[in-house]
Amino acid sequence: MSGFIAVHTGAGNIVDETKYQRVIKEACIVATDILKNGGSAMDACEAAIIRLENCGNTNAGFGSNLCWDGYVQCDASIMNGSNLHFGACTNVSTVKNPIQLARVLCERQERMLSMERIPPMVMAGTGAEHFAEETGCTMIDANAMISSKAKFTYNHYKSKVGDGAKVTSTKLENNTEQSETVEASEVSPLDTVGAVCVDSTGNSAAGCSSGGLILKVPGRVGQAASYGAGCWATDTDDLSVATCTTGNGEYLMKTFLAKEICTDLFTSDCAVTSLHKTFKTKFLESPFLPADQCLYGGALSLLYYPKNNCGEVLWSHTTKSFCVGYMSTQQKTPKFVYSPLPAYSQPGKSSVVNGHNFHLRV
């Protein structure tokens, strides 16, 4: 059996790529082993993201950024290109691997509940956690989701608020005020995780997982749990396309970037040109986004032509850097790529696109 997996650990502005090389390669190996043994793209995609969630260095699962109140709240989603089913969870603190819950919700889209009730596609908070436990997801104490790295980072930036830092005040519903730093790029390396995959049948899958921004308002929902923003996958007889995004969540949600990327790739003869155009016209120049701010985003995309058994993996970003990895079932070792923004480009104002062709022996 054959297939191809690609993963990322986020498009960032302050990134030490050495933190991610090993886990990216491990995620690729875990996924390709599943594909070789007949597993589906969904199986491999979920397994790769679970490995990224568990490593402690990424902003997903264990080690996620802490909210303003000092706790972890995770988002995750996954989409099946073969049937267009989607599942997501948000604001979960006791689900060890949020992508596992997202997968359960996605799979259960196939059948109605009793009395012809429509099954939930997105679940949040304690309701999602109770559902996760009932369906066999691995649960964990909320305090055990907090890594020493995340706690140190939280204390570092929390201490800066109101201590000479540039701040704003946000009025909450209970009329209390919460101070936040304005420079969001400085308080988040944007190291969410994601994966795109295709299996030997030509079916694709895409998924993503995130702990959100450092010091985010508790209850905030990010792009990793939002339909059309965090991930997208669509299969036809001629082409399978999957993508997952990372960056400023609110901006990715306002532009439906994941869905827009896939839609544009289906109608373009050149994937590189298509991604450049999508990022320029539908993200950097989007009328839905502020024209006077830096817009940070990235995407990992996959195209596969089942009739020719070949495809392309591409990565694009407006941030200073992007860490990705990929591997086919024919490769002996995974490939790690540290993608920098060209020195002449301004982060948040321009984008770069790169990629690699692959062929599968089916």
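Preceding this section is the structure that the text describes.
This is a predicted model, so every value here is computed, not measured.

Visitor: Quick one: what's the story with the overall build of the chain, residue by residue and with numbers?
Guide: Scanning the chain from terminus to terminus reveals eight helices and 15 strands. Here the C-alpha atoms of the chain give a radius of gyration of 19 Å, agreeing with the 21 Å that 2.2 N^0.38 yields for 362 residues. With respect to the three principal axes, the spread of C-alpha positions in the chain is 60 × 55 × 35 Å. Counting only residues that meet the buried cut, the chain has 56% of its 362 residues in that class. Across the chain, contacts joining residues at least 24 apart in sequence account for 70% of those joining residues at least 6 apart. In the form shown here, the chain has an accessible surface area of approximately 15000 Å², with 51% of it arising from carbon and sulfur atoms. In the chain, 29 side chains carry a positive charge and 34 a negative one; their mean positions are 5 Å apart.

Visitor: Residue-level account of the sheet that holds strand β13 (residues 321-328), with values.
Guide: Read across the open sheet, the eight strands follow the order β4-β3-β2-β8-β7-β1-β13-β14; overall the sheet is mixed. Edge positions in the sheet fall to β4 (122-124) and β14 (335-340), since each has one partner strand and no second. Averaged over neighbouring strand pairs, the angle between their axes works out to 10° when direction is ignored. In the packing of helix α2 (residues 41-54) onto the sheet, the strands contacted are β1 (3-12), β2 (74-80), β7 (193-199) and β8 (204-210), and the crossing angle to β7 comes to about 155°. Where helix α3 (residues 98-107) meets the sheet, its contacts fall on β2, β3 (85-92), β4 and β8, and the angle it forms with β3 comes to roughly 140°.

Visitor: Before we move on, can you summarise the environment of W315 with the specific residues and values?
Guide: Relative to the helices and strands, W315 is located in strand β12 (residues 310-317). Expressed as a C-alpha distance, the spacing of W315 and C244, which sit 71 residues apart in the sequence, is 9.8 Å. Dropping the residues within four chain positions of it, W315 is found in contact with A299, L300, F322, V324, Y326, V337, S339, V352, V353, N354, G355 and H356.

Visitor: I'd like a description of the state of the cysteines, backed by residues and values.
Guide: Following the criterion strictly, the structure yields zero disulfides and no others. In this structure C208 is a free cysteine whose sulfur lies 4.5 Å from that of C231, the closest cysteine sulfur available. Free of any disulfide, C310 has its nearest neighbouring cysteine sulfur in C270, separated by 14 Å. A relative accessible area of 25% means that C310 is categorised as partly exposed.

Visitor: Explain helix α7 (residues 257-266) to me, using residue names and the numbers behind them.
Guide: Taken residue by residue, α7 has L257, A258, I261, C262, D264 and L265 as its buried positions. Buried residues of α7, seen end-on, are gathered within an arc of 165° and therefore sit on one face of the element.

Visitor: Talk me through the packing of α7 against helix α8 (residues 271-284); I want residue IDs and the actual numbers.
Guide: For the pair α7 and α8, the least separation of the axes is 9 Å and the interaxial angle reads 140°. As judged from the angle between their axes, α7 and α8 are oblique. Crossing of α7 against α8: the hand is right-handed. On the side of α7, the interface is formed by L257, E260, I261, D264 and L265, while α8 contributes A271, S274, L275, T278, F279, K282 and F283.

Visitor: Can you explain the pattern of salt bridges? Please cite residues and give values.
Guide: Summed over all chains, the structure comprises ten salt bridges. A salt bridge links D43 to R103; the shortest N-O distance between them is 3.0 Å. Here the residue D43 occupies a position in helix α2, and R103 occupies one in helix α3, the gap between them amounting to 60 residues. Exposure remark for R103: the relative accessible area of 12% places this residue in the buried category. Put simply, E46 and R103 hold a salt bridge, and the shortest N to O gap is 2.8 Å. Of this pair, E46 sits in helix α2 while R103 sits in helix α3, and the two are 57 residues apart along the sequence. No difference in accessibility class separates E46 from R103, as the two residues are buried.

Conventions and cut-offs
Just so you know, the residues in each chain are numbered from 1, in the order the chain's sequence is written. Under the rules for a predicted model, residues below a pLDDT of 70 receive no local features and side-chain atom pairs below 80 are neither given nor counted, while totals for whole chains, interfaces and linings still include all residues. Neither water nor hydrogens contribute to the side-chain values; these are computed over all heavy atoms in the structure. The helix and strand labels rest on DSSP assignments: H or I over at least four residues marks a helix, E over at least two residues marks a strand, and numbering proceeds from the N terminus. For this measure, only C-alpha atoms enter the radius of gyration; the expected value for a globule follows 2.2 Å times N^0.38, where N is the number of residues. Between buried and exposed lies partly exposed: a residue is buried under 20% and exposed over 50% of the maximum accessible area for its type, with that area taken using a 1.4 Å probe on protein chains only. Should any heavy atoms of two residues lie within 4.5 Å, those residues are counted as being in contact. Here the accessible surface of atoms and residues is derived via Shrake-Rupley with a 1.4 Å probe, and residues count as covered only by protein chains that are part of the display. The charge count includes Lys and Arg as positive and Asp and Glu as negative, but it does not include His or the ends of the chains. The atom standing in for a charge is NZ when the residue is Lys, CZ when it is Arg, CG when it is Asp and CD when it is Glu. In this description, strands pair whenever DSSP reports at least two bridges between them. Here an axis means a line fitted to C-alpha atoms, over the contact stretch when the element is a helix, while the angle between two N-to-C directions is reported on a 0 to 180 degree scale. When the sulfur atoms of two cysteines come within 2.5 Å, that pair is taken as a disulfide. What the arc describes is the spread of directions from the helix axis to the C-beta atoms. To sort the angles, those under 35 degrees are grouped as roughly parallel, those over 145 as roughly antiparallel, those from 65 to 115 as roughly perpendicular, and the leftovers as oblique. What makes a crossing left-handed is the near helix being turned counterclockwise from the far one by less than a right angle; a clockwise turn instead makes it right-handed. We count a salt bridge whenever a side-chain nitrogen from Lys or Arg sits within 4 Å of a carboxyl oxygen from Asp or Glu.

Everything listed here is a matter of coordinates, which is why it stays silent on function.
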